[in-house]
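What follows is each chain in one-letter form.
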Amino acid sequence: MMRRIAVVPGSFDPVTLGHLDVIDRAAGLFDELHVLVVHNPDKSALLPISQRVSLLEQSIKEAGLPTNIVVASWSMGLLVDYCMDVGASVLVKGIRSQVDVAYETPMAIVNRNLAAVETVFLLPDPANAHVSSSLVRQVAGLGGDVSPYVPHAVAEYLERSRV
Ligand code: PNS
């Protein structure tokens, strides 16, 4: 039987509890789930890609998420090229609000047109609906406590790297 493989792409700068919730539920829907750190040229980054991968790996382990999750990064071109490389036909994204729907819809259509890769949207736990990486970056940058919004490993890393 064909293995159902999906990709959860994102900047993960840094990974939040909202991301982990979506990753956890997506892992239950597919045989193999790739969590893919992708550089987004429209955003100015806080963490290097390798650090984001490492924090994702630590957070997934710490939270005891399923073992069918692979963490990787991609900077070689289109997201759908990675999907073709690993045999994934589905992208999974979390949708918190109408703003997310408006942001994600064109990307979903382009990815489907480019390579017949479908996008599945999951609704987050309402407890995480207000959590975003950009909010975390801002609060952390101004010296605030981000521990309610991010995995322990991320909170610890941001605390340690504070200058
Ligand atoms: O977490 P983000 O920043 O909202 O993630 C956006 C991301 C990285 C998934 C998006 O920018 C992306 O898919 N980049 C890959 C480049 C690509 O394939 N573009 C064409 C199709 S949208």
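Quick notes on the rules
Residues numbered from 1 in each chain as written. Predicted model: local features only at pLDDT ≥ 70, side-chain atom pairs only at ≥ 80, totals over all residues. Heavy atoms only, no water. UniProt positions renumbered as here; feature names shortened; annotations may be inferred. Helix = DSSP H or I, 4+ residues; strand = E, 2+ residues; numbered from the N terminus. Axes fitted to C-alpha atoms, helices over the stretch in contact; angles between N-to-C directions. Parallel < 35°, antiparallel > 145°, perpendicular 65-115°, else oblique. Contact = heavy atoms within 4.5 Å. Nonpolar A, V, L, I, M, F, W, Y, C, P; charged D, E, K, R; others polar. Buried < 20%, exposed > 50% of the residue type's maximum accessible area, 1.4 Å probe, protein only. Arc of directions from axis to C-beta. Core = buried A, V, L, I, M, F, W, Y, C linked by side-chain atoms within 4.5 Å. Pairing = 2+ DSSP bridges. Near = heavy atom within 4 Å. Polar contact = N/O pair within 3.5 Å; in protein donor to acceptor, adjacent residues only side chain to side chain. Areas by Shrake-Rupley, 256 points an atom, 1.4 Å probe, with all protein chains shown as cover.

## A short note on the UniProt feature "domain: Cytidyltransferase-like" (unreviewed entry) in the protein
Under the UniProt annotation, the feature "domain: Cytidyltransferase-like" (unreviewed entry) is placed at residues 8-138. Helix makes up 44% of residues 8-138 and strand 20%. Its end C-alpha atoms lie 24 Å apart.

## Observations regarding the packing of helix α2 (residues 49-62) against helix α6 (residues 152-160)
Axis angle and axis distance: for two packed helices, these are the angle between their axes and the distance between the axes, and together they describe the pair. One can describe the packing of α2 onto α6 by two numbers: an axis separation of 8 Å at closest approach and a directional angle of 140 degrees. Judged by the inter-axis angle, α2 sits oblique to α6. Along the contact surface, α2 presents Gln51, Leu55, Gln58, Ser59 and Glu62, while α6 presents His152, Ala153, Val154 and Tyr157. Looking at the contact of α2 with α6, its residues break down into 4 nonpolar, 4 polar and 1 charged.

## Some thoughts on the environment of Val139
Structurally, the position occupied by Val139 is in helix α5 (residues 133-141). Residue classification places Val139 among the partly exposed residues on the basis of a relative accessible area of 26%. Note: C-alpha distance between Val139 and Asp31 (108 residues apart in sequence) is 36 Å. In contact with Val139, other than residues within four places in its own chain, are Gly144, Asp145 and Val146.

## Re α5
What sets the pattern is the α-helix's 3.6 residues per turn: residues three or four places apart point alike. Listed in full, the buried residues belonging to α5 are Ser133, Val136 and Ala140. In a view along the axis of α5, the buried residues occupy a sector of 55 degrees, so they form one face of it. Turned more than 90 degrees away from the buried face of α5 sit Gln138 and Gly141, all of them exposed. Gly143 sits one or two residues past α5 and shows a positive phi near 85 degrees.

## Re the nonpolar core
By size, the foremost hydrophobic cluster in this structure holds 33 residues, and its most contacted members are Phe12, Ile23, Leu33, Val35, Leu56, Ile60 and Val92. Elements with a minimum of two residues in this core: β1 (5-10), α1 (17-27), β2 (32-38), α2, β3 (69-74), β4 (90-94), α5 and α6. With near-sequence residues (within four places) excluded, Ile60 lies in contact with Leu20, Val35, Leu65, Ile69 and Val71. The next biggest cluster of nonpolar side chains, apart from the first, holds 13 residues, and it includes Val80, Cys83, Leu91 and Val117.

## Comments concerning the sheet that holds β4
Taking strand neighbours across the sheet as the criterion, the 5 strands line up as β3-β2-β1-β4-β5 in an open arrangement whose pairing is parallel. Looking at the sheet topology across the chains shown, the edges are occupied by β3 and β5 (118-122). Going from strand to strand, the sheet's axes swing by 30 degrees on average, the running direction of each strand aside. Judged from the 6 bridges that link them, β2 and β3 form a sheet pairing that is parallel. In the strand pairing of β3, His34 is matched with Val70. Its contacts with the sheet put α1 on β1, β2, β3, β4 and β5, and the angle it makes with β2 is roughly 150 degrees.

## A short note on the site of the ligand
By nearness alone, every residue bordering the ligand is listed as Pro9, Gly10, Ser11, Val38, Asn40, Lys43, Leu78, Leu79, Tyr103, Met107, Val110 and Asn111. Here Leu79 contributes a backbone N or O atom positioned 2.9 Å from an oxygen atom of the ligand. Contacts to the ligand include Tyr103, whose side-chain N or O atom sits 2.9 Å from an oxygen atom. Isolated, the ligand exposes 550 Å² of accessible area, and the fraction of that covered by the protein chains is 80%. Looking at the shell around the ligand, the elements with two or more residues in it are β1 and α4 (98-115). If one sorts the elements of the shell around the ligand by residue count, α4 sits on top with 4 residues. In terms of residue class, the shell around the ligand is made up of 7 nonpolar, 4 polar and 1 charged.

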